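These are the residues of each chain, in order.
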Amino acid sequence: MEQNSASPVILREDTDGVAVLSINRPEALNAMNRQILDALSAQLTQIAQDDSIDVLVFTGTGTKSFVAGADINELAQRTPVDGLAARMQTVFSQIAASAKPTIAAVNGFAFGGGHELALACDIRICSENAQFALPETGLGIIPAAGGTQRLVRLIGMGRAIDMMLTGRRMDALTALTAGLVTELTDAQSLLETAHHTAQRIRSKGPLAIRLVKSVVTHGADASMDTGLLLETLAQSLLYSTDEKIEGTQAFIDKRKPDFRAASRIS
């Protein structure tokens, strides 16, 4: 196990091809400030170039809070120019655009920017004490780090706009029922569950995983015909790879595929 604490506000732990990035500001319930956003962006850039990492997991230090939103003291000082810069939205879009799968392990409060961080991930797993909310309208602003767009796509217009207009909190069980999260676990098992999911992903074809992310992401906002075309082109590409040959032959041979040795285009 490798521990890398390049930044005190982001703790990184690499284990078996999985990088766990923990927001580390427990005295403020892991509320995000500019320092955290800059450090998170730097880690994302580094991991994108790190061939030893296949999956990213995001969590918060402690058991009470994942990320309890943005730093309100900083927020109070922001100007229209800061709004146009959209720093938090930019960093979360960096997460959403990651070629490597991302998992949010939500361990407690996921409010405001914390909720939006989870929304930017591919998969969300939460502990039983998790709570989700977008309370920005109570501060005279809106969820502008992807919340107005990603939440609607996940749970539908009705539930999403209710959360944004009222600031209503959603508990873990409701989040599971609504499809906001895909798995619910106890707090002690949360990271273990996230690692298990990450390893299941790592056992699949790397290029297939990358193309699933791309086709789903880009197809979601396209017409059905365009989405199906993207799907067809991606499948056609995969048919040309040693990865596909290894996967199908391993199935025929009744053995586990070795995608690591066959993840190149023929």
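Residues numbered from 1 in each chain as written. Predicted model: local features only at pLDDT ≥ 70, side-chain atom pairs only at ≥ 80, totals over all residues. Heavy atoms only, no water.

With 46 residues, the main nonpolar core has Met32, Phe92 and Phe132 as its most contacted residues. Per-element tally for this core: the top contributor is helix α1 (residues 34–48), with six residues. Those residues within four positions of Phe132 in sequence are excluded, and the remaining contacts are Val106, Ala110, Phe111, His115, Cys126, Met163, Arg168, Arg169, Met170, Ala175, Leu180 and Val181. One finds Val18, Val20, Ile103 and Ile201 within the second-largest nonpolar core, a separate group that totals 11 residues. (Core = buried A, V, L, I, M, F, W, Y, C linked by side-chain atoms within 4.5 Å. Buried < 20%, exposed > 50% of the residue type's maximum accessible area, 1.4 Å probe, protein only. Helix = DSSP H or I, 4+ residues; strand = E, 2+ residues; numbered from the N terminus. Contact = heavy atoms within 4.5 Å.)

What follows concerns the sheet that holds strand β10 (residues 170–171). What the four strands build is an open sheet, ordered β5-β7-β9-β10; its pairing is mixed. Edge positions in the open sheet fall to β5 (65–68) and β10, since each of these has one partner strand only. Here strand β9 (residues 131–133) pairs with β10 via two bridges, running antiparallel. Looking at the pairing, Phe132 lines up with Met170 of β10. (Pairing = 2+ DSSP bridges.)

Within the secondary structure, Asp54 is located in the loop between α1 and β4 (55–60). On the accessibility criterion, Asp54 (17% relative accessible area) is buried. Among all residues touching Asp54, those that are not within four sequence positions of it are Gly17, Lys100, Pro101, Arg202 and Arg260.

Moving on, we come to the environment of Val57. Within the secondary structure, Val57 sits in strand β4. When its relative accessible area of 0% is taken as the criterion, Val57 is described as buried. For the pair Val57 and Phe111, spaced 54 residues apart in the sequence, the C-alpha separation amounts to 18 Å. Apart from residues lying up to four places away in sequence, Val57 is in contact with Val18, Ala19, Val20, Leu21, Ile103, Ala105, Leu191 and Ala194.

To continue, consider the packing of aromatic side chains. Applying the stated criterion across every chain yields a total of one aromatic pair. On the numbers, 5.0 Å between centres and 25° between planes, the contact of Phe109 with Phe111 is stacked. Per residue, the accessibility class of Phe109 equals that of Phe111, and both read buried. (Phe/Tyr/Trp six-rings, centres within 6.5 Å; stacked < 30°, edge-to-face > 60°.)

Once that is clear, we can look at the pattern of salt bridges. Summed over the entire model, instances satisfying the criterion amount to 13 salt bridges. Each of the salt bridges in this network shares a partner with another, and the network as a whole consists of Arg12, Asp14 and Asp50. (Salt bridge = Lys/Arg side-chain N within 4 Å of Asp/Glu carboxyl O.)

Where helix α5 (residues 113–120) meets helix α6 (residues 147–155), the axes come as close as 10 Å, and the angle between the chain directions of the two elements is 55°. On the basis of the axis angle, α5 is oblique to α6. You can see that α5 and α6 cross each other, and the crossing is left-handed. Along the contact surface, α5 presents His115, Glu116, Leu119 and Ala120, while α6 presents Gly147, Arg150, Leu151 and Leu154. (Axes fitted to C-alpha atoms, helices over the stretch in contact; angles between N-to-C directions. Parallel < 35°, antiparallel > 145°, perpendicular 65-115°, else oblique. Left-handed = near helix turned anticlockwise from the far one by under 90°.)

In this fold, Pro80 is placed in helix α3 (residues 80–85). Distance from Pro80 to Ile53, taken between C-alpha atoms, is 38 Å for residues 27 residues apart in sequence.

The pLDDT averaged across the chain works out to 93; a share of 95% of its residues lies at or above 70. pLDDT under 50 marks residues 1–7. Its contacts with residues more than four places away, or in other chains, come to 14 contacts. (pLDDT = per-residue confidence, 0-100.)

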